[in-house]
Amino acid sequence: MILQILQTWIDRMAERRVRQAAQMTSRRGALARIGKLMVGGAVLPMLPFDRSVGEAEAALPKAQDPTACEYWRNCALDGFLCTCCGGSVTSCPPGAEASKVTWVGTCRNPKDGRNYLVSYNDCCGKVACGRCLCNFNERERPAYRMGVHNDINWCMADKQTMYHCTVSVIVGVTEA
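Please read these numbers as outputs of a predicted model, since none were measured by experiment.

### Looking at the nonpolar core
- Ranked by size, the top nonpolar core spans 26 residues in total, and within it C107, Y120, C123 and C165 carry the most contacts.
- Those elements that provide at least two residues to this core are β3 (103–108), β4 (115–124) and β6 (163–173).
- Per-element accounting of this core gives the leading share, five residues, to β4.
- When neighbours within four sequence positions are excluded, C123 is seen to be in contact with C82, C92, P93, A96, E97, A98, C155, M162, Y163, H164, C165 and V167.

Below, the structure is given as structure tokens:
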């Protein structure tokens, strides 16, 4: 009995509040508020903000670690680091061989401040390593500029088309 009285009282109170809100709010006003929230939610990610806080200090130690994605040579790398898969920065792990075609990037070495032309060679012939996935797209170009596009399985040019990992070989240095 008391429970039924309490339920009736809660129902009446809720109905009164909803009616008051409906009397003070028009449909157009409610739609306008919802529209503002939607537009504001879409615009918010486009507002500028400083993402560099602490980046310079945090990036320096990793810039010298070949097993880190932030290693300076990896500035245009998209794939698994061979340094985490049994190889080195410049050589494929045993059982895998470097692809005959590559993509290139220009990376700045923080130690000497110079820019280096880096060739990214996919190592082919084994299943994907699955460790130390890095994806950097600095100065990447659309797929119609094949030599500077990193989202392609470059192993497709070889007999062994399975991708395993990627190495980064310095092929030149800029003079400027």
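### Some words on the packing of aromatic side chains
- Applying the stated rule across the entire model yields four aromatic pairs.
- Between the aromatic rings of Y71 and W72, the centroid separation amounts to 6.2 Å while the plane-to-plane angle is 55 degrees, which identifies the pairing as tilted.
- Take Y71: its relative accessible area is 12%, and that puts it in the buried class.
- The class of W72 is buried, set by a relative accessible area of 9%.
- When the centroid spacing of 6.1 Å and the interplanar angle of 25 degrees are considered together, the rings of F80 and Y163 count as stacked. One end of the pair, F80, is in strand β1 (residues 78–80); the other, Y163, is in strand β6, and 83 residues separate them in sequence.
- Clustering of aromatic rings is evident, with ring pairs tying together Y71, W72 and Y116.

### A word on the state of the cysteines
- According to the stated counting rule, one finds seven disulfides in the structure shown.
- With its sulfur 1.9 Å from that of its partner, C85 forms a disulfide with C129. Judged by the sign of its S-S torsion, about -90 degrees, the cystine formed by C85 and C129 is left-handed. You can see C85 sitting in the loop between β1 and β2 (97–98) and its partner C129 sitting in the loop between β4 and β5 (133–135), a full 44 residues away along the chain.

### Quick look at the pairing of β3
- Burial of β3 is one-sided: the residues W103, G105 and C107 facing one way are buried, the residues V104, T106 and R108 facing the other way are not.
- In terms of strand pairing, β3 meets β4 through six bridges, oriented antiparallel. From the neighbouring strand, R108 faces β4, where its bridge partner is N115.
- Once β3 ends, the chain turns through six residues before running back antiparallel as β4, passing G113 with a positive phi of about 70 degrees.

### Focus on empty space enclosed by the protein
- Within the structure shown, the criterion is met by one cavity of 30 Å³ or more.
- Each pocket or cavity is described by its volume, and for the largest cavity that value is around 50 Å³.
- What lines the largest cavity is P66, Y71, N74, L77, L81, C82, T83, S88, V89, T166, V167 and S168.
- Along the lines of polarity and charge, the residues of the lining of the largest cavity split into seven nonpolar, five polar and no charged.

### Overview of the side chain of H164
- Turning to its location among the elements, H164 is positioned in strand β6.
- Of note is the side chain of H164, whose polar atom sits 2.5 Å from the backbone oxygen of V127.
- Ignoring sequence-local partners within four residues, the contact set of H164 consists of F80, C85, P93, C123, K126, V127, A128 and C129.

### A few points about the confidence of the model for the protein chain
- In the predicted model, the protein chain carries a mean pLDDT of 79, and 78% of its residues have values of at least 70.
- No element of the protein chain has a lower mean pLDDT than helix α3 (residues 55–62), at 52, and none a higher one than β6, at 93.
- Note on residues 49–60: pLDDT is under 50 here. Beyond four places in sequence and across chains, it has zero contacts.

Cut-off values and rules
- Residues numbered from 1 in each chain as written.
- Predicted model: local features only at pLDDT ≥ 70, side-chain atom pairs only at ≥ 80, totals over all residues.
- Heavy atoms only, no water.
- Core = buried A, V, L, I, M, F, W, Y, C linked by side-chain atoms within 4.5 Å.
- Buried < 20%, exposed > 50% of the residue type's maximum accessible area, 1.4 Å probe, protein only.
- Helix = DSSP H or I, 4+ residues; strand = E, 2+ residues; numbered from the N terminus.
- Contact = heavy atoms within 4.5 Å.
- Phe/Tyr/Trp six-rings, centres within 6.5 Å; stacked < 30°, edge-to-face > 60°.
- Disulfide = S-S within 2.5 Å.
- Pairing = 2+ DSSP bridges.
- 1 Å grid on protein atoms, 1.4 Å probe; cavity = no way out; pocket = protein on both sides within 12 Å on 5 of 7 lines; lining within 4 Å.
- Points joined across faces, edges and corners; volume = space filled by probe spheres on them.
- Nonpolar A, V, L, I, M, F, W, Y, C, P; charged D, E, K, R; others polar.
- Polar contact = N/O pair within 3.5 Å; in protein donor to acceptor, adjacent residues only side chain to side chain.
- pLDDT = per-residue confidence, 0-100.

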